[in-house]
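Descriptive analysis of the structure
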Amino acid sequence: MQEKVNITTEYITLGQLIKVLNILESGGMVKAYLQDVGANVNGEVEHRRGRKLYPGDIVEVEGNAYIVSAED
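To start, this report covers the structure provided alongside it. (Residues numbered from 1 in each chain as written. Predicted model: local features only at pLDDT ≥ 70, side-chain atom pairs only at ≥ 80, totals over all residues. Heavy atoms only, no water.)

1. Quick word on the environment of R48
In this fold, R48 is placed in the loop between strand 4 (44-46) and strand 5 (52-53). Considering only alpha carbons, one finds R48 and I23, 25 residues apart in sequence, at a separation of 16 Å. Ignoring sequence-local partners within four residues, the contact set of R48 consists of L14 and L34. (Helix = DSSP H or I, 4+ residues; strand = E, 2+ residues; numbered from the N terminus. Contact = heavy atoms within 4.5 Å.)

Quick look at the structure:
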C-alpha cells in the first residue's frame, strides 16, 4: 500500500520529503542515510538528497512506499 504525500509546490526534494514524513530526525541523518543506503525512486536506487520529486513519483524508504501527489 502506498501512502499519498500531497505537495503544494511544483516539486519536493528527496531530502525534504524524508524530513516531512519524519522518517529520520535530522537533515544530517537524512544525508548519511541516503549516502549509505539510498531510497528507491520509481524503481531505481537514489542517493541524492536534491533529487526532485514530482507528482506521480513513487518513493520507497525503509520498506514503506509513498506516492507524491499534487494538492487539489
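2. Thoughts on the pattern of salt bridges
Oppositely charged side chains may form a pair once their charged atoms are brought near each other. For the structure shown, the criterion picks out 2 salt bridges. R48 is the partner of E46 in a salt bridge, and the nearest nitrogen-oxygen pair spans 2.7 Å. Notably, a salt bridge pairs R51 with E46, separated by 2.9 Å at the nearest N-O pair. Shared partners join several salt bridges into a network, and the residues in it are E46, R48 and R51. (Salt bridge = Lys/Arg side-chain N within 4 Å of Asp/Glu carboxyl O.)

3. A word on the nonpolar core
The biggest cluster of nonpolar side chains holds 18 residues, and the ones touching the most others in it are L14, I18, L34, L53, V59 and V61. Contributions of two or more residues to this core are made by strand 1 (2-7), helix 1 (14-20), helix 2 (27-36), strand 3 (39-41), strand 6 (58-61) and strand 7 (64-70). Non-local contacts of L14, meaning those with residues more than four positions away in its chain, are made with L34, A39, V41, E46, R48, R49, R51, L53 and V59. (Core = buried A, V, L, I, M, F, W, Y, C linked by side-chain atoms within 4.5 Å. Buried < 20%, exposed > 50% of the residue type's maximum accessible area, 1.4 Å probe, protein only.)

4. Observations concerning unusual backbone geometry
Among all residues save glycine, negative phi is the norm, and among peptide bonds the norm is trans. A positive phi angle is found at N22, which is not glycine, with a value near 55 degrees. Among the structural elements, N22 can be located in the loop between helix 1 and helix 2. Given a relative accessible area of 64%, N22 falls into the exposed group. Positive phi, normally seen in glycine, also occurs at E62, with a value near 50 degrees. Here E62 shows up in the loop between strand 6 and strand 7.

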